[in-house]
Amino acid sequence: MSNYLKLNQDRWNHVNNDYTEPVTHEELEGAKKHPISVALTVGKKVPKEWFEKANGKKILGLACGGGQQGPVFAIKGYDVTIMDFSKSQLQRDDMVAKREGLKINTVQGDMTKPFPFENETFDIVFHPVSNCYVEDVQHVFNEAYRVLKKGGIFLAGLNNEINYIVDNEEKEIVWKMPFNPLKDKAAKEYMIKGNSGIQFSHNMTEQIGGQLKAGFTLLDIYEDTNGFGRLHELNIKTYIATKSVK
């Protein structure tokens, strides 16, 4: 395993933030009564029109452990598999599943390696913002395409370059692109000092072009902000969510 991958895995095994807080029983009870509401980015919810009717559809939550989206999918009737690199994040899905009597299949897996699934296994791959922790995103898109059935839907949250050009106060442009801590000592020190893991900027050629190169057809798109901070206050979009089909 690459050193940067181990560092990222260790971070998610020990960090506490908004993405490590499992859904409560009350939140899941509310989810039963309303249209499906999950997020690929920080603020906006995914349009319910992006989802097919449940009816046992097989969904892969790719790098979305934490006991948040997985239980919602399960309670809405999906056949749910959650793949994540962090054992702690997967344990949160297991905990909620046991607490609520839900069935969630959890798989510890590394996105930079071949996914541990057969070709054309899933109807939907749901991939929240996370490929910023991977240097080569093309592999992720290729594997998502492989494990989807023909006609399957790929829903992805993408971090654009804007988050990586600014300083901590988001007031000055201080970093050149691409932002790659494996090739820039200062960038690596910056990431480690901030306990942010090792992250990489990826432009739209890599991320949307990469999906097209993998074979996907882009169907829809929306943008989102960080939800807080100066860029958010200026309504500067830092995330993109895409819906693509195989």
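See the structure printed just above.
In short, a report on the structure.

Rules of the game
Residues numbered from 1 in each chain as written. Predicted model: local features only at pLDDT ≥ 70, side-chain atom pairs only at ≥ 80, totals over all residues. Heavy atoms only, no water. Helix = DSSP H or I, 4+ residues; strand = E, 2+ residues; numbered from the N terminus. Rg over C-alpha atoms; globule rule 2.2 N^0.38 Å. Buried < 20%, exposed > 50% of the residue type's maximum accessible area, 1.4 Å probe, protein only. Contact = heavy atoms within 4.5 Å. Areas by Shrake-Rupley, 256 points an atom, 1.4 Å probe, with all protein chains shown as cover. Lys, Arg positive; Asp, Glu negative; His and termini not counted. Charge placed at Lys NZ, Arg CZ, Asp CG, Glu CD. Salt bridge = Lys/Arg side-chain N within 4 Å of Asp/Glu carboxyl O. Phe/Tyr/Trp six-rings, centres within 6.5 Å; stacked < 30°, edge-to-face > 60°. Axes fitted to C-alpha atoms, helices over the stretch in contact; angles between N-to-C directions. Parallel < 35°, antiparallel > 145°, perpendicular 65-115°, else oblique. Left-handed = near helix turned anticlockwise from the far one by under 90°. Polar contact = N/O pair within 3.5 Å; in protein donor to acceptor, adjacent residues only side chain to side chain.

### Observations regarding the overall build of the protein chain
- Counting its secondary structure elements, the protein chain contains 8 helices and 7 strands.
- For a compact globule of 246 residues, the expected C-alpha radius of gyration is about 18 Å, and the protein chain comes in at 17 Å, within 12% of that figure.
- Principal axes of the C-alpha set define a box for the protein chain whose edges measure 50 × 40 × 35 Å.
- Here the protein chain holds 246 residues, and 53% of them are scored as buried.
- Within the protein chain, residue pairs in contact and separated by at least 24 positions form 70% of the contacts whose partners lie at least 6 positions apart.
- Carbon and sulfur atoms make up 50% of the accessible area of the protein chain, which amounts to about 12000 Å² in all.
- In the protein chain, the 31 positive side-chain charges and the 32 negative ones have mean positions that sit 4 Å from each other.

### Remarks on the pattern of salt bridges
- Evaluated as defined, the whole model comprises 9 salt bridges.
- For the salt bridge of Lys32 with Glu29, the shortest nitrogen-to-oxygen distance reads 3.3 Å. One end of the pair is Lys32 and the other is Glu29, both in helix α2 (residues 25–33) and 3 residues apart, which spans about a single turn.
- Here Arg146 makes a salt bridge to Glu143, at a shortest N to O gap of 2.8 Å. Placement of both Arg146 and Glu143 in helix α5 (residues 137–147) is noted, with a separation of 3 residues, approximately one turn of the helix.

### Thoughts on the packing of aromatic side chains
- Enumeration over the complete set of coordinates arrives at 14 aromatic pairs.
- Here the aromatic rings of Tyr4 and Phe200 are separated by 5.1 Å at their centres, their planes lie at 75°, and the arrangement is edge-to-face. Remark: Phe200 occurs in the loop between α6 (185–193) and α7 (204–214) and Tyr4 occurs in helix α1 (residues 3–14); sequence separation between them is 196 residues. Each member of the pair, Tyr4 as well as Phe200, carries the same accessibility label: buried.
- Note on Trp175 and Phe179: the rings are 5.2 Å apart at their centroids and 90° apart in plane angle, and the pair reads as edge-to-face. The pair formed by Trp175 and Phe179 is uniform in burial state, with each residue classed as buried.
- By the ring-pair criterion, three or more aromatic residues cluster together here, those being Phe51, Phe73, Tyr78 and Phe126.

### Overview of the packing of α5 against α7
- Packing of α5 against α7 leaves a shortest axis separation of 9 Å and a crossing angle of 40°. By the angle between their axes, α5 is oblique relative to α7. Of the two possible hands of crossing, α5 and α7 adopt the one that is right-handed. Of α7, the residues touching α5 (which contributes Val137, Gln138, Phe141, Asn142 and Tyr145) are Glu206, Gln207, Gly210, Gln211, Lys213 and Ala214.

### Details of the environment of Tyr164
- Within the secondary structure, Tyr164 sits in the loop between β5 (148–159) and α6.
- A C-alpha to C-alpha distance of 15 Å links Tyr164 and Lys183, two positions 19 residues apart in sequence.
- In this view, Tyr164 contacts Cys132, Asn159, Trp175, Met177, Phe179, Gln199, Phe200 and Ser201; residues no more than four positions away in its chain are not counted.
- A polar atom in the side chain of Tyr164 sits 3.4 Å from the side chain of Asn159.

Coordinates in, geometry out; function isn't part of it.
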